[in-house]
Amino acid sequence: KNPQQNRTANYEKQISSLHAEKDRISMEFETMHLSNCDINKNNASLKTHLSAMQSKLQNLEQENVRLRQQNQQQSQHIQRLEQQLANCSTKSDVSHMISKPDNNNAIAWNFNVDGKENTTTTTTASNIPAAIAVATSATQKRDSPEIETESAAVTVMDTTKDADKPLPTNTTATTLDRDRDSSSSLRAPSIESMKDILDKRLPSNLDLIRGDILAEAAGNDQLLYSLNLLQKCTTDEWELRNFLMQMIGGLCEENRAVDCALVYDARHLIKKQLTDLRSTIVKSACEMLVMFSRYCDDSNKFAQCLTHFIPIHLDGLYITIACIRDAHQQCLTHCISNTRSFKCIQVLLKTLPSKHCLVRVAVIDLLSLLLQNIGNEDWNQQNFKMDKYADAIANVIRTYITDSKSDVRKSVKRLFENFAVCFPQKARQALSNMDMNSQKTLKKCMANQKSEKTQRKNNNSV
């Protein structure tokens, strides 16, 4: 029995070892299966990444081909311009080589009273490039009839006065300078005119787009067409977007009438341009918005549109780039001074509790600007509209007169001066609810305001 028991024990040991080996091999198989699955997943992800990179490479190759074609077109255009310049230079050389006319002829070019030849006009005419001639003809077409008649009268009087004198050396240049001075005197001093985009010389692609815009019916149809083109532009086409916004501003200035419904429908598009990362886009969008505020048919409806843009402009004051920050601030001041609506006050009061000093100063200055502009008008008509905001403005004065920033305190003092003019009783009540230091500072403001009024009266009497 003992040998048989030993055999069975050995068999059992062998069987247990085989089972253990089987378990080990199954575990290794599972681990290899899992690693194989991971490898397959990585392979699939690498294939998708490879396909994406191949598509991107194809796009880059297409872009390279397009840029090469554009470069060839530009080089051909430059060659044509060089040929035109060479032709113009040859024509000018030929005009200098023309022989002098005889004095016995019935018609003699470039002469004066004494019979001597005067070649100043030919030399000046040959020195003027073709671009200036095209620009002057375009501006003469776009100018108003009053300006055309005035310029024509000036030129006629100049020719009659100087008939007995020899012509100056640069007559055409002086007439161009005179036209430029007269056009610049008609512009508003605060905002530059955007009407020049309708006349100035542009590249061929932008010139074609301008022709398509001007081919539409005059007025709001041109604005609608321009806004639709602006909607279709991508973020990379920033030059086209800048041109279209300048065109919209120029059309507003030329037509002097804008439908407020167009501005309201395009409010999301305008927001997108105001939040762009390029300073030129933001500046053009702000100028376009100022033109909308100036020439909109209904200021109250535009004030509803402006409430959508005020938070964006105030957020733009956080930007460290000076040109973008100044563009947002100037746009806010011009839009609010043009609309003079009370609907902006509620939005301004919501954004006032800001941690940034510039935002608090800007909002308080805008509130004082509203009070100042409306106070200059017939206040009895506006009092019932503004009365519901008087307590809120008084609360602003009481809260921010003790601000830690000196610029905020100065703005609050200016706000209180305008508030005291519009609401004298509310101002006295607000003073009574303040502490002694705040009362002293604000009473000094009222005393200074009274002294300034007396000085103005004395100066007027003198």
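Reading the values: rules and limits
- Residues numbered from 1 in each chain as written.
- Predicted model: local features only at pLDDT ≥ 70, side-chain atom pairs only at ≥ 80, totals over all residues.
- Heavy atoms only, no water.
- Helix = DSSP H or I, 4+ residues; strand = E, 2+ residues; numbered from the N terminus.
- Buried < 20%, exposed > 50% of the residue type's maximum accessible area, 1.4 Å probe, protein only.
- Contact = heavy atoms within 4.5 Å.
- Expected span 1.5 Å × (residues − 1).
- 1 Å grid on protein atoms, 1.4 Å probe; cavity = no way out; pocket = protein on both sides within 12 Å on 5 of 7 lines; lining within 4 Å.
- Points joined across faces, edges and corners; volume = space filled by probe spheres on them.
- Nonpolar A, V, L, I, M, F, W, Y, C, P; charged D, E, K, R; others polar.
- Core = buried A, V, L, I, M, F, W, Y, C linked by side-chain atoms within 4.5 Å.
- pLDDT = per-residue confidence, 0-100.
- Axes fitted to C-alpha atoms, helices over the stretch in contact; angles between N-to-C directions.
- Parallel < 35°, antiparallel > 145°, perpendicular 65-115°, else oblique.
- Left-handed = near helix turned anticlockwise from the far one by under 90°.

Novice: I'd like a description of the overall build of the chain, backed by residues and values.
Specialist: From N to C terminus, the chain includes 20 helices and 0 strands. Within the chain, the fraction of its 462 residues that count as buried is 29%. Sequence separation of at least 24 residues holds for 71% of the intrachain contacts in the chain that already meet a minimum separation of 6.

Novice: For helix α13 (residues 322-339), give the residues involved together with the corresponding values.
Specialist: Along its 18 residues, α13 runs 26 Å from first to last C-alpha, staying within 8% of the 26 Å computed at 1.5 Å per residue. Residues of α13 that are buried: Ile324, Ala327, His328, Cys331, Leu332, His334, Cys335, Ile336 and Thr339. Downstream of α13 by one or two residues, Arg340 has phi in the positive range, about 55°.

Novice: Explain empty space enclosed by the protein residue by residue, including any values.
Specialist: Under the defined criterion, the tally for this structure stands at 1 cavity of 30 Å³ or more. Estimated volume of the largest cavity: approximately 30 Å³. Lining the largest cavity are Leu230, Cys233, Thr234, Thr235, Arg241, Leu269, Lys272 and Gln273. At 3 residues, the largest contribution of residues to the lining of the largest cavity is made by helix α10 (residues 267-274). Per-class residue counts for the lining of the largest cavity are 3 nonpolar, 3 polar and 2 charged.

Novice: Give a detailed account of the nonpolar core, specifying residues and quantitative values.
Specialist: Membership of the largest hydrophobic core comes to 87 residues, with the highest contact counts inside it found for Ile270, Leu289, Phe292, Ile397 and Phe419. Not counting chain neighbours up to four residues away, the residues in contact with Phe292 comprise Ile248, Cys252, Val258, Val263, Ile270 and Phe302.

Novice: How would you sum up the confidence of the model for the chain? Please name residues and give values.
Specialist: Of all residues in the chain, 71% have pLDDT values of 70 or greater, and the mean over the chain is 75. Per-element mean pLDDT across the chain ranges from 35 in helix α5 (residues 171-185) up to 92 in α10. Counting interchain partners and residues more than four positions distant, the pLDDT-below-50 stretch residues 96-189 has 47 contacts.

Novice: Requested: an account of the packing of helix α8 (residues 238-255) against helix α11 (residues 279-295), with residues and values cited.
Specialist: Between α8 and α11, whose axes approach to 9 Å, the crossing angle comes to 20°. Between α8 and α11, the crossing angle belongs to the class labelled roughly parallel. Like other packed secondary-structure pairs, α8 and α11 cross with a definite hand, here left-handed. Contact residues: Trp238, Arg241, Asn242, Met245, Gln246, Ile248, Gly249, Cys252 and Glu253 in α8; Thr280, Ile281, Ser284, Ala285, Met288, Met291, Phe292 and Tyr295 in α11. Tallied by class, the residues present in the contact of α8 with α11 amount to 10 nonpolar, 5 polar and 2 charged.

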